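If you want the building blocks of each chain, they are given just below.
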Amino acid sequence: MSNKYSSLNTIKQLWPFIYPHKKALIVAIIALLLNAATDATLISLTKPLLDNGLMDKNYELLILFSIGIIGLIALRGLSNYCSTYCLSWLSGKVVTKFRQMIFNHLVKSPISFLDKNPIGELVTVITYNTQLLSKASSDALIILVREIAYAIGLCVVMFYGNWKLALVLIIVVPLVIFIAQFIAKKFRNTLVSMQKGIGNITTAADEMLKGHKEILIFNAQKYEKNNFYSINKLFRKSILKIVLVSGLSTPIIQLVATLALGLILFLVASQALEITPGSFTVVFSAMVAVMRPLRELTSVHLELQKGSVACESLFGLLNLPLEEDNGIIELNRAKGEIEFCQVTYTYPTRTTPSLNNISFKIKKGETVALVGRSGAGKSTIASLIPRFYDVQKGKILLDGIDIKDYTLASLRKQIGYVSQKVHLFNGTIADNIIYGAKNQYTREDIINAAKQANAMEFIEKLENGLDTEIGDNGVLLSGGQRQRIAIARVLLRDNPILILDEATSALDNESERFVQQAIEHLQKNRTSIVIAHRLSTIEKADRILVIDDGLIIEDGSHSSLLLQNGIYAKMYQMQFNS
């Protein structure tokens, strides 16, 4: 573990987030100090209560003591409530800010990062790890301030009772520090394992719920149950190790403190020291009471270890690069002329390039179709234009300017993107059509977009129309209905550039007819890039590019490519004959 994320440095890392709320922190610390002071004072009262009150039968003093004790108990309760509330409020602020920062960072993270990291692990970072930080910023602080103050107060009380007996404490402190360091070192590796286990559980549950139909159709229930059992079992073992390691601290520290108490009793029994009943009771009570702060100060080290593990993952994620957005040109509305200039791109997980030095130009308002076998590089071309990924060699021009020179927001504002795998958000149909542009369009605009997308044909039949809840990712809609909502979403924004990534490949004939009509309406007066599996849907395209192994091997219209009798002609003949 690097020093950056270890022990008390965790609090240093959190300090910039705590500092804006320092007033609540100051109030909490004052309350914690009062709480510790009242506890120590209550024990110190034992000496005069026994020696001067009970032994001398001073009943007036006893009455005063009873009133004082009631006041101290009330002050103790009030200070405890105040510190708990203030620190809970403070930790809530810290964890809320952290969660928002992590969420904001993930929203701006490049697609390549999300490609490599399971969703379950990222969800764990947002939820579980931020909660660990919350505990490090509240529970640990309570223990540090209150228990250290309480331990110091008890030391003063012991020296007040009998300084010779109090010197026994010197034996206890170094042993406790050594034990705390040893246990914390063993604790950290187990925490890392547990954190990974939570991510695995979240990932497995997420995949099971999203792929439930596949699990059923492939009769994979037993496999999934066994897989989850293995993951769950490993997590249980990690939890058990944490309980085992952390549970050792209490009995060991109690044993050390008990030895100190035994030594005190031995000294008194051997008459090596002269001591009054009150002094003995104060020292003995303080020695018993000091077990709690010693035990708690050991646990706070473990709590800080949890925080350090969380810090490592959270700050590590926040330090990862965001999408590169160094462009300064704000593009209002593009003409729609696109040019690829010797573009090469290789995915991080592959060794061979998906696109290899390709060049082509798309004129304003032109419809260009990309065809080829799976993995040929068609979708890579579509993903590079909105800069989901950045080219490694060459450049892509929009209206004669490198797309990297435009701001990301203004570049993507020019592009309407409809893929085969449409993602809809949990909410109403209207919410999904207007997604990301709330308050920018009227209800009438939404209806017009839905009509142009042939979506009102089914929307009007629904009981709540546009206000119908569609469930998680539009689970209550058919594939064709989901595609038409996605097209309505693009139509509403009137983007000058359109990318259709196999938008009709998974639809039945009737749904395809509705969607194809919507697409033809969508393509009017727009530069369109169409990736198609069914060649019959692209016969009207101005140009067709045949892609294979990241290269453009044929370029021409439908009729001209058929006359060439090349790869496209063979692909078309195979589909036509089938």
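Owing to the predicted nature of the structure, the values given are computational and were not obtained by experimental measurement.

So, how was this worked out
- Residues numbered from 1 in each chain as written.
- Predicted model: local features only at pLDDT ≥ 70, side-chain atom pairs only at ≥ 80, totals over all residues.
- Heavy atoms only, no water.
- Helix = DSSP H or I, 4+ residues; strand = E, 2+ residues; numbered from the N terminus.
- Buried < 20%, exposed > 50% of the residue type's maximum accessible area, 1.4 Å probe, protein only.
- Contact = heavy atoms within 4.5 Å.
- Areas by Shrake-Rupley, 256 points an atom, 1.4 Å probe, with all protein chains shown as cover.
- Pairing = 2+ DSSP bridges.
- UniProt positions renumbered as here; feature names shortened; annotations may be inferred.
- Core = buried A, V, L, I, M, F, W, Y, C linked by side-chain atoms within 4.5 Å.
- Phe/Tyr/Trp six-rings, centres within 6.5 Å; stacked < 30°, edge-to-face > 60°.
- Lys NZ or Arg CZ within 6 Å of the ring centre and 35° of its normal.
- Polar contact = N/O pair within 3.5 Å; in protein donor to acceptor, adjacent residues only side chain to side chain.
- Expected span 1.5 Å × (residues − 1).
- Axes fitted to C-alpha atoms, helices over the stretch in contact; angles between N-to-C directions.
- Arc of directions from axis to C-beta.

Novice: Honestly, the overall build of the chain in this entry has me stumped. Any pointers?
Specialist: For the chain, the helix and strand inventory stands at 21 helices and ten strands. In the chain, buried positions account for 48% of the 578 residues. Contacts spanning at least 24 positions in sequence make up 79% of the contacts within the chain whose residues lie at least 6 apart. When the accessible surface of the chain is split by element, carbon and sulfur atoms take 59% of a total near 30,000 Å².

Novice: What's the story with the pairing of strand β4 (residues 393–398) in this structure? I'm lost.
Specialist: Within a regular strand, the side chains alternate between the two sheet faces. Inspection of the sheet shows strand β1 (residues 338–345) paired to β4 by five bridges, in the antiparallel sense. When the sheet's bridge partners are listed, T344 is paired in β4 with K393. Relative to strand β5 (residues 401–402), β4 runs antiparallel, the two being bridged by two bridges. Residue pairing in the sheet places L397 in a bridge with D402 of β5. Taken together, β4 and the strand that follows it, β5, pair antiparallel across an intervening segment of two residues, in which D399 is found at a positive phi of about 55 degrees.

Novice: What exactly am I supposed to notice about the UniProt feature "transmembrane region" (unreviewed entry) in the chain here?
Specialist: Here, the residues flagged by UniProt with the feature "transmembrane region" (unreviewed entry) are residues 63–90, 140–160, 166–184 and 242–269. As a span, residues 63–90 carries 100% helix and 0% strand, and end to end its C-alpha atoms are 41 Å apart.

Novice: Can you walk me through the nonpolar core in this structure?
Specialist: Of all hydrophobic cores here, the largest spans 42 residues; its most connected members are I429, I433, I459, I487, I538, I544 and Y568. For this core, the element with the most residues is helix α18 (residues 479–493), which contributes seven residues. In contact with I459, not counting residues within four places along its chain, are I429, A450, G465 and L466. Counting 32 residues, the second largest nonpolar core, distinct from the first, contains L370, A382, I396 and L411.

Novice: What is the right way to look at the environment of G479 in this model?
Specialist: Relative to the helices and strands, G479 resides in helix α18. Residues G479 and K421 lie 58 residues apart in sequence; the distance between their C-alpha atoms is 9.2 Å.

Novice: Hey, could you run me through the packing of aromatic side chains in this one?
Specialist: The geometry of an aromatic ring pair is captured by two quantities: the separation of the ring centres and the angle between the planes. The tally for this structure, following the rule as stated, stands at nine aromatic pairs. The interplanar angle of 65 degrees and the centroid separation of 5.6 Å between the aromatic rings of F388 and Y417 together place this pair among those described as edge-to-face. Here Y417 lies in strand β6 (residues 415–419) and F388 lies in the loop between α13 (378–384) and β4, a separation of 29 residues in the sequence. Of the residues examined, F388 reaches a relative accessible area of 27% and is grouped as partly exposed. The class of Y417 is partly exposed, set by a relative accessible area of 28%. Measuring from centroid to centroid gives 4.1 Å for F425 and Y435, while their planes differ by 15 degrees, and the two rings are stacked. Of the two residues, F425 is situated in the loop between β6 and α15 (429–433) and Y435 in the loop between α15 and α16 (443–452); the sequence distance between them amounts to ten residues. Among the residues examined, F425 registers a relative accessible area of 32% and is labelled partly exposed. An aromatic cluster is defined as three or more aromatic residues linked by ring pairs; in this entry it consists of Y345, Y347 and Y389. Above the face of the Y19 ring, K22 is positioned so that its terminal group lies 4.4 Å from the ring centre.

Novice: Help me understand unusual backbone geometry, please; the structure alone is not making it clear to me.
Specialist: The phi torsion of most residues other than glycine is negative, and most of the peptide bonds are trans. Despite not being glycine, R387 has its phi angle at roughly 60 degrees, a positive value. By the element assignment, R387 lies in the loop between α13 and β4. A relative accessible area of 3% means that R387 is categorised as buried. Positive phi, normally seen in glycine, also occurs at N565, with a value near 55 degrees. By the secondary structure assignment, N565 is in the loop between α20 (558–564) and α21 (567–577).

Novice: Which parts of the structure should I look at to understand the side chain of R484?
Specialist: Inspection of the secondary structure puts R484 in helix α18. Residue classification places R484 among the buried positions, given a relative accessible area of 4%. Among the polar contacts made by the side chain of R484, one reaches the main-chain carbonyl oxygen of N454 at a distance of 2.9 Å.

Novice: I would appreciate a short explanation of the environment of E323 in the present structure.
Specialist: Here E323 lies in the loop between α12 (291–318) and β1. Aside from chain neighbours lying at most four places away, what touches E323 is K108, S109, P110, R387, L408 and R412. A distance of 2.6 Å separates a polar atom in the side chain of E323 from a polar atom in the side chain of R412.

Novice: Looking at this structure, how should I read helix α2 (residues 22–44)?
Specialist: Since the α-helix turns once every 3.6 residues, residues separated by three or four places project in the same direction. Between the first and last C-alpha of α2 there are 33 Å, a value that for 23 residues agrees with the 33 Å anticipated at 1.5 Å per step. Those residues of α2 not exposed but buried are A24, L25, A28, A31, L32, N35, A36, T38, D39, A40, I43 and S44.

Novice: Can you walk me through the sheet that holds strand β7 (residues 497–501) in this structure?
Specialist: Within a sheet, adjacent strands bond to each other through the backbone by hydrogen bonds, running parallel or antiparallel. Strands sit in the order β6-β7-β8-β3-β9-β10 across an open sheet of six strands; the sheet is mixed. Only two strands of the sheet have a single neighbouring strand rather than two, namely β6 and β10 (551–556). When the angles between neighbouring strand axes are averaged without regard to direction, this sheet yields 15 degrees. Looking at chain direction, strand β3 (residues 367–371) and strand β9 (residues 543–548) are connected through four bridges and run parallel. Bridge assignment links A369 to a residue of β9, and that residue is I544.

Novice: Just to check I follow, could you spell out α16 for this structure?
Specialist: Restricting attention to buried positions, one finds in α16 the residues I446, A449 and A450. Projection of α16 onto a plane perpendicular to its axis shows the buried side chains occupying an angular sector of 100 degrees, all on one side. Contacts made by the buried residues of α16 are with α15, α17 (456–459) and α18. Directly beyond the C-terminal end of α16, a positive phi value near 60 degrees is found at N454.

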